[in-house]
Amino acid sequence: MTPDFLHALTLGKRPEGRTLLTADWVLAWRDGSHHLVPRGEIVMENGEVVFAGKTFPGEVARRIDFGTALISPGLIDLDALSDLDTYTLVLDNQPGWARGRIWPRSYVERGPYEMYSPDELAFQKRFAFGLLLLNGITTAAPIASLYYRQWGETVAEFEAAADAAGELGLRVFLSPAFRSGGTVLEAPGRMVPVFDEERGLLGLRDAVSFIERQHGRHGGLVNGLLAPDRVETCTLELLERTMAAASDLDCRVRLHMAQGAMELETMQRLHGATGPQWMASHGLLSERLIAPHATHAATRDLDLYAAHGVSIAHSPLVSARMGSMLHSFSACRKLGINIGMATDTAPPDMLMNLLMGLVTCRISEKKPDAVLSADLFDAATLGGAKALGRTDIGRLCPGARADIAVFRLDDPHMTPSVDPITTLVLGGSGKVTQAVFVDGRLSMLEGKLAGFDMHEARKQAQSQFDGLLAKYPDRSWEHPPVEALFSPSYPLWTGKDDKEC
Ligand SMILES: [Zn+2]
């Protein structure tokens, strides 16, 4: 039920005139850092913050009091999952290469195909964007798996995604992912890279023209970002041209590297160096680069990130469940590396991700005070903004865009609440997100979005995913049936062989 005081707002609309938001806590930015303001006030007008502080001295058209809540800058997600998460299938069913996560030679020879229709590809992005808003994320750089794709991502699905972001009210940094190579499974556990240079360059050309057409659309919500897939699936020529294009377009580049054992082996075999060292030797590291996830970065790799201003997209939840972690959040910060946060999974629960970031850093450093809640909160706001080259998001101060998340502190799960940041990080759940404004527009309120019913959409998401699941044998080693690929967590008791007792 929508509380009475929120009736002054309409989902999907930016309120006319000055709107004042207040709550028990406001996180406002001044003198270089976030500050907690008890019973503070934020005033926004025309999508911009015009006041952030204790008491606004001027007139306003309306005043909205969220009560026991924190009014925070919206969260920034540098690797925001934009499909239906296929990792769920292998969480308890390993190894991934045996379960459709590496293309077997037989699938490559048969001819890889798109396992979703164009409509399904467009729908899953809209659904994923909805989940991001539900979790207080106001800025997202979408990421999706390429395993079920024919090759890279398509312009058509990204045009639909840009419109979905504009219609739902989510700030996005995106373009279709491209690659010049893939990994093929030749025998159990034996993966080899294969390359198709032309295809990679074509993907880059498509991405560049997408950005030229789309950057700035939907009132500035749609922004360009080049997304070559992974360092080991890109050739030097493709990456050189990508970095040059990013400079021409003045946009960022996200490239996965230093993120896995298979990548390290492949890079050693192909180039005799780690991804970051290979990139550095060709002058390709710069502050334009956002590098998820750095869990397998050597000390020298991290030194290079620091020296060249590369940002890390940190996704501790996804890394930890695969048995790895960044070594470490605090050590990287001490080196001077900028860190932004990335959920990279569904649900895209950034608060849960921050808790995991706190836990894994303290485990890595073997110290209970190695990192504080505010350090993680900084990464999810200021760090993400810096990675994207923006100073007008991730903070609430005059002149910033009005990208705001309101987190309830009166939820039983957040009780007792003392310090709002500590409480939210420790609570580890984005389900307490009450409202989200993007560019001053109300994009989410009490779990509802403008023009998109998440509960109805859930049914379509499930049936679409079931359809994908049925196709898994096609691209799995020796093509076993689905039941053999993904075992149930416990034996199924179907009742067929029940005995009388
Ligand atoms: Zn990732």
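Position numbers for residues start from 1 in each chain and track the written sequence from start to end. For this predicted model, a pLDDT threshold of at least 70 governs which residues receive local features, and a threshold of 80 or more governs which side-chain atom pairs are given and counted, while totals over whole chains, interfaces and linings are taken from all residues. As a convention, hydrogens and water are excluded, and side-chain values are obtained from all of the structure's heavy atoms.

Chemist: Where do I start with the domain arrangement of the protein in this structure?
Modeler: Frequently, the measure chosen for interface size is the accessible area that the parts lose on association. Throughout the structure description, domain borders are defined by an automatic or database domain assignment. Domain boundaries assigned for the protein yield domain 1 (1–74 + 396–451) and domain 2 (84–393). Here the C-alpha centre of domain 2 lies 29 Å away from the C-alpha centre of domain 1. On the domain 2 side, the residues contacting the 34 residues of domain 1 number 29 residues. For any pair of parts, buried area is found by adding up, for both, the accessible area (1.4 Å probe) each one loses once the two are put together. Each partner contributes to the roughly 2,400 Å² buried at the junction of domain 1 and domain 2, and carbon and sulfur atoms together form 64% of this total. Within this document, salt bridges are pairs made up of a side-chain nitrogen of Lys or Arg and a carboxyl oxygen of Asp or Glu, the two lying within 4 Å of each other. Applying the counting criterion to the domain 1 and domain 2 interface returns 2 salt bridges. Of the charged contacts, one joins Arg171 and Asp439 as a salt bridge, the two residues approaching to 2.7 Å between their closest N and O atoms. By the criterion applied in these results, polar contacts are pairs of N or O atoms within 3.5 Å in which, for protein atoms, one can donate a hydrogen and the other can accept it, and in which residues neighboring in sequence qualify only through two side-chain atoms. Where domain 1 touches domain 2, the interface holds 10 residue pairs in polar contact (both at pLDDT 80 or more). The secondary structure listing takes helices from DSSP runs of H or I that are at least 4 residues long and strands from runs of E that are at least 2 residues long, numbered from the N terminus. Listed by contribution, the elements that provide at least two residues to the side of domain 1 that touches domain 2 are β2 (25–30), β7 (69–73), β19 (404–408), α14 (420–427), β20 (433–438) and β21 (441–445). Here the side of domain 1 that touches domain 2 gets 5 residues from one element, more than from any other, and that element is α14. Whether two residues are in contact is decided by their heavy atoms, any of which lying within 4.5 Å being enough.

Chemist: I keep staring at helix α15 (residues 454–471) and nothing clicks. Help me out?
Modeler: A turn of α-helix holds 3.6 residues, and therefore any two residues three or four places apart point the same way. Every helix has an expected span of 1.5 Å times one less than the residues it contains. Taking 1.5 Å per residue as the helical rise, α15 with its 18 residues ought to reach 26 Å, and the 25 Å between its terminal C-alpha atoms agrees with that figure. Whether a residue is buried, partly exposed or exposed follows from its accessible area with a 1.4 Å probe, protein chains only, as a fraction of its type maximum: under 20%, in between, or over 50%, in that order. Among all positions in α15, only Met454, Ala457, Ala461, Gln464, Phe465 and Leu468 are buried. Down the axis of α15, the smallest arc covering the buried residues is 105°, so these residues share one side. Turned more than 90 degrees away from the buried face of α15, the exposed residues are His455 and Ala470. Where the residues of α15 are buried, they touch α2 (118–134) and β22 (448–449). As used here, the arc is the angular range of directions from the helix axis to the C-beta atoms.

Chemist: Sorry if this is basic, but what is going on with the environment of Leu442 here?
Modeler: Here Leu442 lies in strand β21. Using a relative accessible area of 0% as the deciding quantity, one classes Leu442 as buried. For the pair formed by Leu442 and Ser315, sequence separation is 127 residues and the distance between their alpha carbons is 27 Å. Discounting chain neighbours no more than four positions away, the residues touching Leu442 are Leu9, Thr10, Leu11, Gly12, Lys13, Ala435, Val436 and Phe437.

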